[in-house]
Amino acid sequence: LLYIQQCMAGLLAPPYGVMDSGATNDRMPDKENLNSDPLNFMSKNLYKVPSEQILRAEKVLRNAVLARAPHMIRDRKYHLKTYRQCCVGTELVDWLLQQSSCVHSRAHAVGMWQVLLEEGVLNHVDHELNFQDKYLFYRFLDDEEEDAVLPSDDEKREAEEELQETLLFLSQIGPDAHMRMILRKPPGQRTAEDLEIIYDELLHIKALSHLSNTVKRELAGVLIFESHAKAGTVLFNQGEEGTSWYIIQKGSVNVVIYGKVMSCHVISQVMKYPALDDFALMHCVFMPNSQLCPALLASQGSEQERLDYSVASKRRVLSLALRWAALQGHHLLEDDTALSFLEELHGFVSNDARLYLWSKWDWIVKKNDKCFAMFICIWFLCSQHKVLLRQFSSGEERLAKKQPIRSFDDILLKVYCSDHTYTTIRVPVLATGREVTAAVADKLGSTEELLLINLSASGEKQILKPNDVSVFQSLGENGRLFACSREQLDSLNPLPEQEGPSTGSMSSFELMSSKDLAFQMTQYDWELFSCVHEYELVFHTFGRQAYRRSTANLELFLKRFNQVQLWVVTEVCLCGTLSKRVQLLKKFIKIAAHCREFKNLNSFFAIIMGMCNPAVSRLSQTWEKLPSKFKKFYGEFESLLDPSRNHRAYRLTMAKMEPPIIPFMPLLIKDMTFTHEGNKTFIDGLVNFEKMRLIANTVRAMRHCRSQPFCDKNPQEVRNYVRQLNVIDNQRTLSQLSFRLEPRRG
């Protein structure tokens, strides 16, 4: 750290601000020019001609201020001098915070005004370049003229109509302007809050990912912003002393080296980590095991080749095979090709070891070698192929410690008839809709053609297709499988038990410690999360039907999120006493806080989103009586749900956490889906490895979250409660209960 400070101290000595190449100079200005007139130099960064969108934003905001708070724009006196038609920085920030929920903080509002300041449509009376939340005077561009015209009633009405859209636009670009403003400050003038904002941004720069967080915090104090609007700007020439690191945020860069020949060597990236990891994880999309396994066996080299080359080739194949097998895990047991390949590879390794008297293979057969231990574990796993029996129709199954559901397991399913009787069938996890209906027909002795229906608590009917795989995964929290003829379809009604509870369970869990509840929720979520295989994310994204693979563990984990969310709404809507509802909201906020403390972001967000449900958020009398301290906590928690800048608030929170972490799984799914749908898998018949790398990176984020174990403790009563949450999953019913608690006003 001291070395970094010494290297950067001379370059970054104050006063420093924006560095711009200028229109007539291809070289970056030297320090003497900067120090002689920093204000003039910095002013070059400001855009001479504002964009149409920014000009319109200025007009909308000025007219809205004049319509809603005309006293804010007036002549002001300070130190015996009068400043015409000015606003105060603090008042502008206060006003912005009152206009929209998309403005999350004072710093956010400062960034939004900074956008207008940078483009010259809002100006400080003394031409300062940074907007400040202080008693300083600012003037809109339309008020610069002596004879500034006030807006008409029509213009004010238009401003009112466009205000929210304008604020949303500025809220999206404001954080970037705020960041530029901070980086323009001399390092010695940056506040602790400024340094924290820069540090948060550094966490997301890939070029710095290898640096420790301590080093990034040191860099936050010395980084500066440098703007190069002109194409062809030369940052430095060959032979000059290197004193800077450049992070290109936008645009591209050319590297020119004179008098030297540059050469590139293409290396097999598949055999290099993390590309090896990408390939092992993603090969199923473009190269199934039936193609991969023969290719690996054929790549070992022939006996006619030189011994060293042959051994090196076999090492590469074995490295890939071991990584691939480790990632596959229990999925290997579902593929006869993979099992045969491992058996054959095991034979090759054994024969070669004997042939070379261990000399050439000592790197892999040493007693403590990780690769060898991994291979033995995989071989043992393959030899322990057992069929497990699951019973998804019994609530008691939730109380047991969760074990992964494998595609070769059998399950017990309850399938109901139109008269609400049911039959229990045993089918494989990967059973199709056709196989389930055939098993039901055989059990009932029916010769009719049966339809398989997913019937929700609200009465919504979904006809499952005959080729659908793992049909039980489509069931909602209170959903049930029905089998009936087409004539009976219209007469199907939900079971009484599907309606959910009629009374809340607050009397049970209000005596439980909020911290114990949060811990046991985290323990259960961790069990579910640990069961999710990395491949399930890939199959879920690319379609499990196409690969005939189960994603049952992932679906159970996603359903847990919905269950916790509905639990919050159900308990609030079944609580008839106003004072108890207030206590209930306080309890949920406390549980959410502890979930965040335990790094269980999945349940944390589920609880907060449950409180955001319309059936709960509309209970104004209840929220009014909530103590201000808890309202503040809830507001802070809700801000982490902000989707702006690609969920930046959540991602920054995640980046500061160390494993074990339970991530917000719906966002991981969204990231993978966007990557999949926004990029082609094949381009001109070739595999798009960049897409594969992006998806693999998301999967590795999940792997990082569970790279450390989660400790266990076991208060039995609390443990059993959080594993058997009873909920109402019919939004119409929840809304009716909500209106019963607090009818519409007036």
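Report follows, based on the coordinates. (Residues numbered from 1 in each chain as written. Predicted model: local features only at pLDDT ≥ 70, side-chain atom pairs only at ≥ 80, totals over all residues. Heavy atoms only, no water.)

Along the backbone of the protein chain there are 31 helices and 14 strands. Counting contacts in the protein chain only where the partners sit at least 6 residues apart, residues at least 24 apart contribute 69% of the total. Accessible surface computed for the protein chain: about 38,200 Å², of which carbon and sulfur atoms make up 53%. (Helix = DSSP H or I, 4+ residues; strand = E, 2+ residues; numbered from the N terminus. Contact = heavy atoms within 4.5 Å. Areas by Shrake-Rupley, 256 points an atom, 1.4 Å probe, with all protein chains shown as cover.)

The next point concerns the packing of aromatic side chains. Considering all chains together, one arrives at 29 aromatic pairs under this definition. A ring pair is formed by Tyr78 and Phe137, whose centres lie 6.2 Å apart and whose planes are at 85°; its orientation type is edge-to-face. Of this pair, Tyr78 sits in strand 2 (residues 74-78) while Phe137 is found in strand 5 (residues 137-140), placing the two residues 59 residues apart along the sequence. For the pair Phe509 and Trp567, a centre-to-centre distance of 5.6 Å together with 55° between the ring planes defines the contact as tilted. Placement of the pair is Phe509 in helix 17 (residues 506-509) and Trp567 in helix 21 (residues 552-573), with a sequence separation of 58 residues. Comparing Phe509 with Trp567 shows no difference in burial state: the two are buried. Put simply, the rings of Phe519, Trp526, Phe529, Phe557, Phe598 and Phe710 pair up and form one aromatic cluster. Sitting over the face of the ring of Tyr422, Lys414 holds its NZ or CZ atom 4.5 Å from the ring centroid. Over the aromatic face of Phe739 sits the side chain of Arg618, whose NZ or CZ is 3.9 Å from the ring centroid. (Phe/Tyr/Trp six-rings, centres within 6.5 Å; stacked < 30°, edge-to-face > 60°. Buried < 20%, exposed > 50% of the residue type's maximum accessible area, 1.4 Å probe, protein only. Lys NZ or Arg CZ within 6 Å of the ring centre and 35° of its normal.)

The nonpolar side chains of soluble globular proteins are, as a tendency, buried together. Trp567, Phe588, Ile607 and Met665 are the most contacted members of the largest nonpolar core, which totals 104 residues. For this core, the element with the highest residue contribution is helix 21, accounting for 11 residues. Mapping this core onto the domain boundaries places at least three of its residues in each of domain 2 (274-384) and domain 4 (505-741). Sequence-distant contacts of Trp567, that is, excluding residues within four places in its chain, are made with Phe509, Met521, Phe588, Ile591, Tyr721, Leu725 and Val727. Core analysis: the second largest hydrophobic core is formed by 36 residues, Val103, Ala159, Phe169 and Ala177 among them. (Core = buried A, V, L, I, M, F, W, Y, C linked by side-chain atoms within 4.5 Å. Domains from an automatic or database assignment.)

For the rest of this paragraph, the subject is the environment of Ala280. Position of Ala280 relative to the elements: it lies in helix 10 (residues 275-286). Given the relative accessible area of 0%, Ala280 is considered buried. As a C-alpha pair, Ala280 and Trp324 span 44 residues in sequence and 4.7 Å in three-dimensional space. Beyond its immediate chain neighbours, meaning those up to four positions away, Ala280 contacts Arg323, Trp324, Leu327 and Tyr535.

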